[in-house]
Amino acid sequence: MRWSILLMLLLAPTLPAGGEDDGESEIEINEAPPEPEEKDKAPLHERINTAIERGVVWLKKAQKSDGSWGPVVGNKEYGVAEAGPDRDSHETGPTSFALFTLAKCGVDKRDPVVIKGMTWLKARAKDPGSLDSYEAASLVLCLEATHERSKKLRGRQKERKLKNGTTSAKPAGSKFTTHDWRWMHRMVKRLVVGNSDSTQNPGGGWRYHTANGDQDVSATQFALLGLRAASQAGYPVPVRAYIDALKFIQGMQAENGAFGYRKGEPPNYGMTAAGVAS
């Protein structure tokens, strides 16, 4: 779908900035929105596609010489902070999401930028045990997107039919290569409960690293997005992973319907959106 350039920004790791509450519970709108300019009177899908085309140009230019889009460091602005021993650093996630976005915007997987990025990923993300849940999930999203060509947004999208594959074999008609299907399989194993290095906790939620009882709404939404992409590709994700995750998410909702980052933390708009979407 052609709005996915916006989704990439929404999917960047959502980490609490010190856990402080700004005390604002309502958003006030004091002025009426301005009248649209003449160029803004074009059909909505045309304006969306124009904006996305500009975003694709920018995203391609942002690729680094090694083929990656660089790391993202917890609680720091993307592209500014350096990783350190006291900071969570996600090395492969930004590259996976950049390639995911380009694919969803219709950029062919044979495009030099995509090839360069995938080459970097294959060298850096071979071992699922070295990736956290965010990186594993974003890689699954990337793989599913690069093997599914997207058309420009027209106003009505045809419903996709799910394929049926196995853990070791891609389904008939799949555009996945055998290598990439097995690569996705290793990432799904990293995500779902029941494996020795699984990042899903017995309580159903996810944090970033191998399950240790710690879990939050943000990491859980990322993991579920990845598992959903695998299911769309035809991969048989264990139903238990979804059922356990649903129980965790339901247990995180406050009485007023909102969600916080972790249990007991103040609710906010971002985590509420993540909780409802999950």
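As the structure is a prediction and not an experimental result, all values here were calculated from the model.

Participant: Help me understand the overall build of the protein chain in this model?
Facilitator: Counting secondary structure elements, the protein chain contains 9 helices and 2 strands. Just so you have it, the protein chain exposes about 15800 Å², and 53% of that area is on carbon and sulfur atoms.

Participant: I would appreciate a short explanation of the pattern of salt bridges in the present structure.
Facilitator: Across all of its chains, the model carries 6 salt bridges by this definition. Where arginine 207 meets aspartate 214, a salt bridge forms, and the shortest distance between an N and an O atom there is 3.2 Å. Residue arginine 207 is classed as buried on the basis of its relative accessible area, which comes to 15%. By relative accessible area, which is 26% here, aspartate 214 ends up partly exposed. Among the ionic pairs, arginine 207 bridges to aspartate 216, the shortest N-O distance being 2.6 Å. One exposure class covers both arginine 207 and aspartate 216, and it is buried. Several salt bridges share partner residues, and in doing so they unite Arg207, Asp214, Asp216 and Arg262 into one network.

Participant: Even after reading the chapter, I still don't get the packing of aromatic side chains, so can you show me in this structure?
Facilitator: Two measures describe an aromatic ring pair: the distance that separates the ring centres and the angle between the ring planes. Counted under the stated rule, the structure contains 6 aromatic pairs. Among the aromatic residues, ring-to-ring pairing joins Phe97, Phe100, Tyr134 and Phe222 into one connected group.

Participant: Sorry, what's going on with the packing of helix H5 (residues 133-146) against helix H6 (residues 178-191) here?
Facilitator: The relative placement of two packed helices comes down to the angle between their axes together with the axis-to-axis distance. Where H5 contacts H6, the axes come no closer than 9 Å and their chain directions differ by 150°. With respect to their mutual orientation, H5 and H6 come out roughly antiparallel. For H5 against H6, the interelement crossing comes out left-handed. Residue-level inspection shows Ser133, Ala136, Ala137, Leu139, Val140 and Leu143 of H5 in contact with H6, the latter providing Asp180, Trp183, Met184, Met187, Val188, Arg190 and Leu191.

Participant: Help me understand helix H3 (residues 93-104), please; the structure alone is not making it clear to me.
Facilitator: For an α-helix, the turn length of 3.6 residues means that residues three or four places apart are oriented alike. Relative to the 16 Å expected for 12 residues at 1.5 Å per residue, H3 spans 16 Å between its end C-alpha atoms, a close match to the ideal helical length. By the criterion of burial, H3 is predominantly enclosed, with 12 of the 12 residues buried. Listing the buried residues of H3 in full gives Gly93, Pro94, Thr95, Ser96, Phe97, Ala98, Leu99, Phe100, Thr101, Leu102, Ala103 and Lys104.

Participant: Help me understand the packing of H5 against helix H7 (residues 217-233), please; the structure alone is not making it clear to me.
Facilitator: Relative orientation of the contacting elements H5 and H7 amounts to 30°, with a least axis distance of 8 Å. Here H5 lies roughly parallel to H7, going by the angle between them. By crossing handedness, the relation of H5 to H7 is classed as left-handed. Judged by residue contacts, Ser133, Tyr134, Ala137, Val140, Leu141 and Glu144 of H5 engage Ala219, Phe222, Ala223, Leu225, Gly226, Ala229, Ala230, Gln232 and Ala233 from H7. Class assignment for the residues of the contact of H5 with H7 results in 11 nonpolar, 3 polar and 1 charged.

Participant: Sorry if this is basic, but what is going on with the side chain of threonine 199 here?
Facilitator: Counting through the fold element by element, threonine 199 comes out in the loop between H6 and H7. A distance of 3.4 Å separates the side chain of threonine 199 from the side chain of tryptophan 206, its partner in a polar contact. Among all residues touching threonine 199, those that are not within four sequence positions of it are Ser133, Arg190, Leu191, Gly205, Trp206, Arg207, Tyr208, His209, Thr210 and Ala211.

Participant: Just to check I follow, could you spell out the environment of valine 107 for this structure?
Facilitator: Within the secondary structure layout, valine 107 lies in the loop between H3 and helix H4 (112-124). The sequence separation of valine 107 and valine 56 amounts to 51 residues, and the corresponding C-alpha distance is 8.6 Å. Sequence-distant contacts of valine 107, defined by excluding residues within four places in its chain, comprise Val56, Lys60, Leu102 and Val114.

Participant: What is the right way to read the environment of valine 276 from this model?
Facilitator: By secondary structure assignment, the location of valine 276 is in helix H9 (residues 269-277). Overall, valine 276 belongs to the exposed group, its relative accessible area being 61%. For valine 276 and isoleucine 249, which are 27 residues apart along the polypeptide, the C-alpha to C-alpha distance reads 8.5 Å.

Cut-offs used in this document
- Residue positions are counted from 1 within each chain, in the order its sequence is given.
- Only residues with pLDDT of 70 or above have their local features reported here, since the model is predicted, and side-chain atom pairs are shown and tallied only from 80 upward, although totals for entire chains, interfaces and linings are computed over all residues.
- As a rule here, side-chain values come from all non-hydrogen atoms in the structure, and water together with hydrogens is ignored.
- To qualify as a helix, a DSSP run of H or I must reach at least 4 residues; to qualify as a strand, a run of E must reach at least 2; elements of each kind are numbered from the N terminus.
- Only the protein chains shown count as cover for residues, and all accessible areas are computed by the Shrake-Rupley method using a 1.4 Å probe.
- When a carboxyl oxygen of Asp or Glu is within 4 Å of a side-chain nitrogen of Lys or Arg, the pair counts as a salt bridge.
- Only protein chains enter the calculation, and the probe is 1.4 Å; a residue is then buried if its accessible area is under 20% of its type maximum, exposed if over 50%, and partly exposed in between.
- When two rings of Phe, Tyr or Trp (its six-membered ring) have centres within 6.5 Å they constitute a pair, described as stacked for plane angles under 30 degrees, edge-to-face for angles over 60, and tilted for the intermediate range.
- Axes here mean lines fitted to C-alpha atoms, for a helix over just the part in contact, with angles spanning 0 to 180 degrees between N-to-C directions.
- Each angle gets one of four labels, with under 35 degrees taken as roughly parallel, over 145 as roughly antiparallel, 65 to 115 as roughly perpendicular, and the rest as oblique.
- What makes a crossing left-handed is the near helix being turned counterclockwise from the far one by less than a right angle; a clockwise turn instead makes it right-handed.
- Contacts are residue-level and defined by heavy atoms, with any inter-residue pair within 4.5 Å sufficient.
- Take the number of residues in a helix, subtract one, and multiply by 1.5 Å to get its expected span.
- Think of it as three bins: nonpolar holds Ala, Val, Leu, Ile, Met, Phe, Trp, Tyr, Cys and Pro, charged holds Asp, Glu, Lys and Arg, and polar takes everything else, Gly as well.
- Polar contacts, as counted here, are pairs of nitrogen or oxygen atoms within 3.5 Å of one another; within protein the pair requires one atom able to donate a hydrogen and one able to accept it, and residues that are adjacent in sequence qualify only if both atoms are side-chain atoms.

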